[in-house]
Amino acid sequence: QVQLVESGGGSVQTGGSLRLSCTVSGNAAASYCMGWFRQTPGKEREGVATITNDGVTTYSDFVKGRFTISKDTAKNTLYLQMNRLNPDDTAAYYCATDNGLSWCTIQWFKPDYWGQGTQVTVSS
């Protein structure tokens, strides 16, 4: 089993920045794709960014140019650097990974494991 724990969420004003972290424990040797999703109450969960085992990334059009996904394999940690935040970015953010069986893109990534989420609130 794989466990993911997010941290780094909080409240920030429009234009501010946050960096989310996701530590991964358990057997993730077979994981190919990692990514971030977000969800607001009453809305469907949407993909934010993905990164493959060799570092290839994809982004939602809503965050491209503002957010950067990265990972530190040695530390078993996934990151999401969020810049130029606006109120539309307010959501619970979840990190996720799979067992190497899904396409590592926003459109096709099907996670097998999810973190508990961390709240990001952006005030105007």
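Summarised in this report is the structure supplied together with it. Everything quoted here is computed from the prediction, not taken from an experiment.

### Observations regarding the environment of Thr 105
Looking at where Thr 105 falls in the secondary structure, it is placed in the loop between β9 (91-97) and β10 (113-114). When the C-alpha positions of Thr 105 and Gly 8 are compared, they lie 24 Å apart, and in sequence the two are 97 residues distant. Once residues lying within four places of it in the same chain are set aside, the contact partners of Thr 105 are Thr 50 and Thr 58. Reaching out from Thr 105, the side chain makes a polar contact with the backbone nitrogen of Trp 108 at a distance of 3.2 Å.

### As for the side chain of Thr 52
Note on placement: Thr 52 falls in strand β5 (residues 46-52). Reaching out from Thr 52, the side chain makes a polar contact with the side chain of Asp 54 at a distance of 2.2 Å. Setting aside chain neighbours within four positions, we find Thr 52 in contact with Tyr 32, Lys 71 and Cys 104.

### Re the state of the cysteines
Evaluation of the coordinates by the stated rule reveals two disulfides. Two residues share a disulfide in this structure: Cys 22 and Cys 95, whose sulfurs sit 2.0 Å from each other. Between Cys 22 and Cys 95, the S-S torsion sits near 60°, and that sign places the bridge as right-handed. With Cys 22 in strand β3 (residues 18-26) and Cys 95 in strand β9, this residue pair connects regions lying 73 residues apart in the sequence. The pair Cys 22 / Cys 95 is uniform in exposure class, with both members buried.

Calculation notes
Residues numbered from 1 in each chain as written. Predicted model: local features only at pLDDT ≥ 70, side-chain atom pairs only at ≥ 80, totals over all residues. Heavy atoms only, no water. Helix = DSSP H or I, 4+ residues; strand = E, 2+ residues; numbered from the N terminus. Contact = heavy atoms within 4.5 Å. Polar contact = N/O pair within 3.5 Å; in protein donor to acceptor, adjacent residues only side chain to side chain. Disulfide = S-S within 2.5 Å. Buried < 20%, exposed > 50% of the residue type's maximum accessible area, 1.4 Å probe, protein only.

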